[in-house]
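# Fold and geometry: a report
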Amino acid sequence: LNIAKQNETYKSESNYYIGLSQYYLKEYEQALSVFADIKSIKDEKLSPLASFYSGLVYYDQQEYEKSKAEFEVVLDTSKDPRLDEKSEKYIEQINQL
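Below is a short write-up of the structure. These figures come from a predicted structure and were not determined experimentally.

Throughout the structure, instances matching the rule amount to 5 salt bridges. Between E63 and K66 there is a salt bridge, with the nearest N and O atoms lying 3.1 Å from each other. Taking the shortest distance from any N to any O, the salt bridge between E85 and K89 comes out at 3.5 Å. Placement of the pair is E85 and K89 together in helix α6 (residues 81-96), with a separation of 4 residues, close to one helical turn.

Encoded structure:
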């Protein structure tokens, strides 16, 4: 992924998968940093995904207000109905807490 990241064509996608890998390895601070970079480029497809996984990081860390804010960003920016549905479910869970 780091090699692919050197090619500008694949840089954003490589960063996304690096962040995703860090999330699954529970390297939360590194994942949040990568996802923040992806969100800043405002890519139509990847930025909402980065917000969603940032929300999951905060949810796993029991930082529910930050998590909810990220899921709300997904609802505002995503064009993927499945991603919106997942975000809504997490928001409902947070509201019940």
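Structure shown, so let's carry the discussion forward.
Our next topic: the nonpolar core. Counting residues in hydrophobic clusters, the biggest one holds 24 residues, and the most contacted among them are Y16, Y23, F35, I38, F52 and Y53. Taken together, the elements giving at least two residues each to this core come down to α2 (11-24), α3 (28-41), α4 (46-60), α5 (64-77) and α6. In terms of residue count, α4 provides more of this core than any other element does, 9 residues in total. Residues in contact with F52, not counting those within four places in the same chain, are F71, V74, L83, K86, S87 and Y90.

Cut-offs and rules
Residues numbered from 1 in each chain as written. Predicted model: local features only at pLDDT ≥ 70, side-chain atom pairs only at ≥ 80, totals over all residues. Heavy atoms only, no water. Salt bridge = Lys/Arg side-chain N within 4 Å of Asp/Glu carboxyl O. Helix = DSSP H or I, 4+ residues; strand = E, 2+ residues; numbered from the N terminus. Core = buried A, V, L, I, M, F, W, Y, C linked by side-chain atoms within 4.5 Å. Buried < 20%, exposed > 50% of the residue type's maximum accessible area, 1.4 Å probe, protein only. Contact = heavy atoms within 4.5 Å.

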